[in-house]
Amino acid sequence: MTDIVNGLGRTTAYGALGVVLLILGIVLVDILTPGRLSRLIWEQRNRNASILLSSALLGVGGIVFTSIWTTYDNFGKGLLSTAVFGLLGLVMMAVAFLVVDLMTPGKLGAALVDPEPHPAVWVTASCNIAVSAIVSASIA
């Protein structure tokens, strides 16, 4: 029974941290793109914005998963590494976004929230997934 209680406690702590990191991911994408993200996705049904946000959330989820998977034996270390690597992943995704924005014509954020499908969203989403894969690989 003690194992179950300990497992529930760890799961709750990791789950709460994961949710916080996901919320930070939403806030980050909202800051990097013009307009209110919630309005763009839920009211205007903007596919570009939803693909961008989805890629960031999948990326953060992958980093959190890898961090938990590789450090589960030591709970304190696992929780700390999950927080640190999750935040690092978010920062690196933001940097990648800004670099792509600098290297491409126009404002990337404006293209990504355009109501018409835009190929730049796939490039930016791929950057999010690539960055998260790099961070995840560095954890292991």
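Engineer: Help me understand the overall build of the chain, please; the structure alone is not making it clear to me.
Structural biologist: For the chain, the helix and strand inventory stands at six helices and zero strands. The N-to-C order of helical and strand elements in the chain reads α-α-α-α-α-α. Reported as C-alpha extents along the three principal axes, the dimensions of the chain are approximately 55 × 30 × 20 Å. The buried share of the chain, reckoned over its 140 residues, is 39%. A gap of 2 Å separates the mean positions of the 7 positive and 7 negative side-chain charges of the chain.

Engineer: Looking at this model, I keep getting lost on the environment of Thr104. Mind explaining?
Structural biologist: Here Thr104 lies in the loop between helix H4 (75-103) and helix H5 (108-112). With a relative accessible area of 33%, Thr104 lands in the partly exposed category. In the structure, Thr104 is positioned 16 residues away from Ala120 in sequence and 9.2 Å away in space, judged by C-alpha atoms. A polar side-chain atom of Thr104 sits 2.8 Å from the main-chain carbonyl oxygen of Val100.

Engineer: What is the right way to read the packing of aromatic side chains from this model?
Structural biologist: The geometry of two aromatic rings is summed up by the distance between their centres and the angle between their planes. Scanning the model with the defined rule gives two aromatic pairs in all. Summarising the aromatic geometry, the rings of Tyr14 and Phe75 are spaced 5.7 Å apart at their centres and angled 90° between planes, so their arrangement reads as edge-to-face. Note that Tyr14 is positioned in helix H1 (residues 2-32) and Phe75 in helix H4, a separation of 61 residues in sequence. Since its relative accessible area comes to 5%, Tyr14 is described here as buried. With a centroid separation of 5.6 Å and 20° between ring planes, the pair formed by Phe65 and Trp69 is classed as stacked. Here Phe65 pairs with Trp69, and both are found in helix H3 (residues 47-71), just four residues apart, close to one helical turn. Assigned by exposure class, Phe65 and Trp69 land together as exposed.

Engineer: In this structure, what is going on with the packing of H1 against H4? I would like to understand it.
Structural biologist: Angle between the axes and distance between the axes: these two values describe a pair of packed helices. Axis separation between H1 and H4 bottoms out at 11 Å; the angle between their running directions is 10°. By the angle class used here, H1 and H4 are roughly parallel. Judged by the sense of rotation from one axis to the other, the crossing of H1 with H4 is right-handed. Facing Arg10, Ala13, Tyr14, Leu17, Leu21, Leu24, Gly25, Leu28 and Leu32 of H1, the residues of H4 in contact are Phe75, Gly78, Leu79, Thr82, Ala83, Gly86, Leu87, Leu90, Ala94, Phe97 and Leu98. Broken down by class, the residue content of the contact of H1 with H4 amounts to 15 nonpolar, four polar and one charged.

Engineer: Please clarify how the environment of Gly25 should be interpreted in this entry.
Structural biologist: Of note, Gly25 is situated in helix H1. The spacing of Gly25 and Leu57 is 32 residues in sequence and 6.4 Å in space, taken between C-alpha atoms. Sequence-distant contacts of Gly25, defined by excluding residues within four places in its chain, comprise Leu53 and Leu90.

Engineer: Please clarify how the confidence of the model for the chain should be interpreted in this entry.
Structural biologist: Should pLDDT be low for a region, the predicted coordinates there are not to be read in detail. When pLDDT is averaged across the chain, the result is 92; 99% of the residues are at 70 or more. Predicted confidence in the chain is weakest over H5, with a mean pLDDT of 87, and strongest over helix H6 (residues 120-139), with 94.

Definitions and cut-offs
- Residues numbered from 1 in each chain as written.
- Predicted model: local features only at pLDDT ≥ 70, side-chain atom pairs only at ≥ 80, totals over all residues.
- Heavy atoms only, no water.
- Helix = DSSP H or I, 4+ residues; strand = E, 2+ residues; numbered from the N terminus.
- Buried < 20%, exposed > 50% of the residue type's maximum accessible area, 1.4 Å probe, protein only.
- Lys, Arg positive; Asp, Glu negative; His and termini not counted.
- Charge placed at Lys NZ, Arg CZ, Asp CG, Glu CD.
- Polar contact = N/O pair within 3.5 Å; in protein donor to acceptor, adjacent residues only side chain to side chain.
- Phe/Tyr/Trp six-rings, centres within 6.5 Å; stacked < 30°, edge-to-face > 60°.
- Axes fitted to C-alpha atoms, helices over the stretch in contact; angles between N-to-C directions.
- Parallel < 35°, antiparallel > 145°, perpendicular 65-115°, else oblique.
- Left-handed = near helix turned anticlockwise from the far one by under 90°.
- Contact = heavy atoms within 4.5 Å.
- Nonpolar A, V, L, I, M, F, W, Y, C, P; charged D, E, K, R; others polar.
- pLDDT = per-residue confidence, 0-100.

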